[in-house]
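Working through the structure, step by step
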Amino acid sequence: LAGFQEKRWVMTISFRYRIEYGALRVFAFLVRSLPRQTACKLGGRLGILAGMVLTGRFRLAEDNLRRAFPGWSRRKVRTVCWSNFQHVGISAAEMLRLDLLSRNKADLKNYYRIHGLEHLQQAEAMQRGVILLTGHLGFWEIGNHIPSVLGYPCSALAKPMKNPLADRYFRDLRQT
């Protein structure tokens, strides 16, 4: 019965979700095949392309920045918007390579600066459990991954994505 339900679930997935998932898998294949630096450059360029294609999202980001920083010039708002779209693209490329870090702990030292680890160690020494909270800033997914790579048991809580195929793909990446 479980296999039947699984097949039925797959049949109810929209064509749009299948197309999105196919594009995700192609992008994932590319960034996972390339060296990290090249993959991040590609991700950044695709992030900028997304800003050009998703004009409504770009205008929304500009509007939000203008409201948050009314003293900023129009040029600064646009520059920060483009930088943000580029950064999201880089983060997407890094997310798709997240499980590759598990195979090479040296990557943490080579690519990331870890500050405040002593606070986690002190909290763990109390033997009462630790809850780490983070904002949706930067490459937030690495914050879920670092503790487990360093040997700390870790669980993450994330809101499911709208596309169930992409959601499953990213859940699997996080659990690797």
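Residues numbered from 1 in each chain as written. Predicted model: local features only at pLDDT ≥ 70, side-chain atom pairs only at ≥ 80, totals over all residues. Heavy atoms only, no water.

1. A few points about the nonpolar core
Worth spelling out the cut-off: Residue types Ala, Val, Leu, Ile, Met, Phe, Trp, Tyr and Cys, when buried and joined through side-chain atoms within 4.5 Å, form a set referred to as a nonpolar core. Here's how the labels work: a residue is buried when its accessible area is under 20% of the maximum for its type, exposed when over 50%, partly exposed in between, all with a 1.4 Å probe on protein chains only. A run of DSSP states H or I qualifies as a helix once it reaches four residues; a run of E qualifies as a strand once it reaches two. Both are numbered from the N-terminal end. Should any heavy atoms of two residues lie within 4.5 Å, those residues are considered in contact.
One finds L96, I142 and F170 to be the most contacted residues of the largest nonpolar core, which totals 20 residues. Within the residue set of this core, elements represented by two or more residues are α2 (15-33), α5 (74-96), α6 (98-101), α9 (140-149) and α10 (164-175). Those residues in contact with F170 that sit more than four places away from it in its chain are L24, M95, L96 and M161. Of all hydrophobic cores here, the second largest spans six residues; its members include F58, L65, C81 and F85.

2. Notes on the pattern of salt bridges
The line we're drawing: By convention in these notes, a salt bridge is any Lys or Arg side-chain nitrogen within 4 Å of a carboxyl oxygen on Asp or Glu.
In this structure the tally under the stated criterion is seven salt bridges. Close ionic contact of R66 with E62 constitutes a salt bridge, the shortest N to O distance being 3.9 Å. With R66 and E62 both in helix α4 (residues 55-68) and four residues apart, the pair spans about one turn of that helix. On the basis of relative accessible area, E62 is assigned to the buried category, the value being 5%. Across the salt bridge formed by E62 and R78, the nearest N and O atoms sit 2.8 Å from each other. Of this pair, E62 sits in helix α4 while R78 sits in helix α5, and the two are 16 residues apart along the sequence. Salt bridges here are not isolated pairs; linked through shared partners, they connect E62, R66 and R78.

3. Let's talk about the packing of aromatic side chains
Here is the rule: The criterion for an aromatic pair is that two Phe, Tyr or Trp rings (for Trp, the six-membered ring) have centres within 6.5 Å, with stacked assigned to planes under 30 degrees apart, edge-to-face to planes over 60 apart and tilted to the rest. A positively charged side chain is recorded as over a ring if its NZ (Lys) or CZ (Arg) lies within 6 Å of the ring centre. The angle to the ring normal must also be within 35 degrees.
Taken as a whole and assessed by the stated rule, the structure comprises five aromatic pairs. Ring centres of Y21 and Y169 lie 6.4 Å apart, and the angle between their planes is 75 degrees; on these two criteria the pair is classed as edge-to-face. Taken together, the residues Y21 in helix α2 and Y169 in helix α10 connect sequence positions 148 residues apart. You can call Y21 partly exposed: its relative accessible area is 21%. On the basis of relative accessible area, Y169 is assigned to the buried category, the value being 13%. Taken together, a centroid distance of 5.4 Å and an interplanar angle of 40 degrees make the contact between F58 and F85 tilted. Placement of F58 in helix α4 and of F85 in helix α5 is noted, with a sequence separation of 27 residues between them. Neither F58 nor F85 differs from the other in exposure class; each is buried. Among the aromatic residues, ring-to-ring pairing joins Y21, Y169 and F170 into one connected group. One cation-aromatic arrangement involves R36 over Y111; the distance from NZ or CZ to the ring centre is 3.9 Å.

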